[in-house]
Amino acid sequence: MFQHIEFYPGDPILGLMDKYKADPRSHKVNLGVGVYYDDDGNLPVLECVKTVETRLANPPQPRPYLPMDGLEGYRKACQHLLLGRDHPALQQNRVATVASLGGSGALRVGADFIHQWFPKAKVYVSDPTWGNHISIFAGAGFEVHTYPYYDAETIGIKFDELKTFLQQLDAGSVILLHPCCHNPTGIDPTHSQWDELLDIIKTRQLIPFMDIAYQGFGDDMDTDAYAIRRAVDLGMTVFISNSFSKSLSLYGERVGGLSVVCQTEEEARLVQSQLKFTIRRMYSNPPSHGGHVVSNIMNDESLFQQWQQEVYAMRDRIRSMRQQLQAVLSEKIPDRDFSYFTKQRGMFSFTGLTPAQVNRLQTEFGIYMVENGRMCIAGLNQGNVDYVANAMAEILQ
C-alpha cells in the first residue's frame, strides 16, 4: 500500500552532520549545524539553567499537562523580551501569546492560523532563508515565493531591489522577516533601513511575520528587537515567533513561542482562542520541563540578569571568532576585503564560498559547512579557527 510514497532524503544540514560524524579524521571541524558550542567545542549547560533544574528536581514534582497555551509566566516572558516590560501593547492586553514546540512549532501554528483565516494570502521569504521556513509554510498550504535579499557581489543586501519588490505586492501578503542575525547570511538591515521597509509594509497592508531565534546574539536583547518594536509602534498587526533554543542552550526541550500583536484587546482574545484550538488539534500541550525552566529564569530578576550575561558571553565569543577569522584571511590574502565577517552578526556567516570550494574544504581538510557557503561561526574555537582560516585561504588563492 505504500509503494507510491516518495522517499524523503532528509534535511541537507542534518545529512551533512551524518557525514561529519562518519569522518575518521581527528582534525575535522563541524561548521554546519546551527548550534552554539563553547570554546572547548562542547554544548554548554548555562549556569542559570543548572540552578533552576536543581530547584525543580529537589524534591521531584508531579508532571501534569500544561495549559494548551503554556505557563502564564512563560508567555509573559516572551512578551517582555520581544516588546519590553512596559510597552503600551502589553498594558492594553492586545498581545496573544502561546508557548510552542520551539521556533519551528511557533511558525507552524502561526502558518496554520493565517492559512485558515486568510486563505488567499501568499507567503514571501528572503532569498536565501532558513530552508525550513519554506517547508513549514508550504506544508501549511501556502504558495511560497522569495523576495530579493542577498547580494553576492557586495556580500550585502539588495536593498533598493527589495523595496521595489515589496511595493508591488498585493495587500494581505505575508512577509517573513528576520529581525536580527539573519539566517543564513548574518546580514541585517540597519535601523534606518528597517524604518523604510516597515513603512512600505504598513502602506501596502502586508502582514509581517517576524522570526527571531537569536535575540541577544547581535547587539543586545533590546536592540535586537528593534524591528519588532518599531513595527508595533507603527500600529501594525505583527506575528512573532521566538525561540529559547540557542539563548538558553535548550535545543532538545523545544521551547519557543508565538505572539500576535493585535489592534484591540478583544481581537487578542479571539486570536488567543484560535491559537489554542490550533494547538489542541495538533499536539494539545507544550513541553513541561523546558517551560518551567524558562519561566523560572525569566521571572527571577537575579537569574534573568545572570542569563543575559551568559548570552552576551556567547555573543562576544562569536565576535572574537569572526575577528580572528578575518585577521588570518586578511594576512594570507591582503588584496581581498574580508571585513564582511565582522560586519555580519549572530551565529552564521555567508562566506562567499562556492559549492565547489565548500566541497574542497570537506574532502581535503575535513571542514564541514553547508553547500551554499553558510558557516556556523559558533563552531569555531581557539583550537580550530587558525586551521579553518588557513584552509579557506588555500582554496581562495
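Calculation criteria
- Residues numbered from 1 in each chain as written.
- Predicted model: local features only at pLDDT ≥ 70, side-chain atom pairs only at ≥ 80, totals over all residues.
- Heavy atoms only, no water.
- Pairing = 2+ DSSP bridges.
- Helix = DSSP H or I, 4+ residues; strand = E, 2+ residues; numbered from the N terminus.
- Axes fitted to C-alpha atoms, helices over the stretch in contact; angles between N-to-C directions.
- Contact = heavy atoms within 4.5 Å.
- Salt bridge = Lys/Arg side-chain N within 4 Å of Asp/Glu carboxyl O.
- Phe/Tyr/Trp six-rings, centres within 6.5 Å; stacked < 30°, edge-to-face > 60°.
- Lys NZ or Arg CZ within 6 Å of the ring centre and 35° of its normal.
- Disulfide = S-S within 2.5 Å.
- Buried < 20%, exposed > 50% of the residue type's maximum accessible area, 1.4 Å probe, protein only.

K.L.:
Looking at this structure, I do not really get the sheet that holds strand β3 (residues 123-127). What am I missing?
P.N.:
The strands making up a sheet associate through hydrogen bonds between their backbones, and the pairing can be parallel or antiparallel. On the basis of which strands lie adjacent, the open sheet formed by seven strands has the order β2-β10-β9-β8-β7-β3-β4 and mixed pairing. Only two strands of the sheet have a single neighbouring strand rather than two, namely β2 (95-101) and β4 (144-148). Neighbour to neighbour, the strand axes of the sheet diverge by 25° on average, direction disregarded. Bridge analysis of β3 against β4 gives five bridges, and the strand direction is parallel. Across the sheet, the residue bridging to Y124 is H145, located in β4. Helix α9 (residues 226-233) rests against β8 (207-212), β9 (238-243) and β10 (255-261) of the sheet, and its axis sits at about 155° to β8.

K.L.:
How do you make sense of the pattern of salt bridges when you look at a structure like this?
P.N.:
Pairs can form between side chains of opposite charge whenever their charged atoms are close. Enumeration over the complete set of coordinates arrives at 19 salt bridges. Across the salt bridge formed by D195 and R230, the nearest N and O atoms sit 3.3 Å from each other. Here D195 is found in helix α8 (residues 191-203), whereas its partner R230 is found in helix α9, with 35 residues between them in sequence. Between R229 and D222 there is a salt bridge whose closest N-O contact spans 3.1 Å. In this structure, a network of salt bridges that share partners links the residues D188, D219, D224, R315, D316, R319 and R345.

K.L.:
Please clarify how the packing of aromatic side chains should be interpreted in this entry.
P.N.:
In this description, a pair of aromatic rings is defined by centroid distance and the angle of the planes. In the structure shown here, the tally under the stated rule is 14 aromatic pairs. When the centroid spacing of 6.0 Å and the interplanar angle of 50° are considered together, the rings of F113 and F239 count as tilted. Placement of the pair is F113 in helix α5 (residues 102-117) and F239 in strand β9, with a sequence separation of 126 residues. Cation over ring: K28 sits above Y20, and NZ or CZ is 4.5 Å from the ring centre.

K.L.:
Mind showing me how you'd approach the state of the cysteines here?
P.N.:
By definition, a disulfide links the sulfur atoms of two cysteine residues through a covalent bond. A complete count under the given rule lists zero disulfides for this structure. Sulfur of C78: no disulfide; nearest cysteine sulfur belongs to C180 and is 15 Å away. Residue C78 is classed as buried on the basis of its relative accessible area, which comes to 0%. C180 supplies the cysteine sulfur nearest to C181, a cysteine that is in no disulfide, at a spacing of 4.1 Å.

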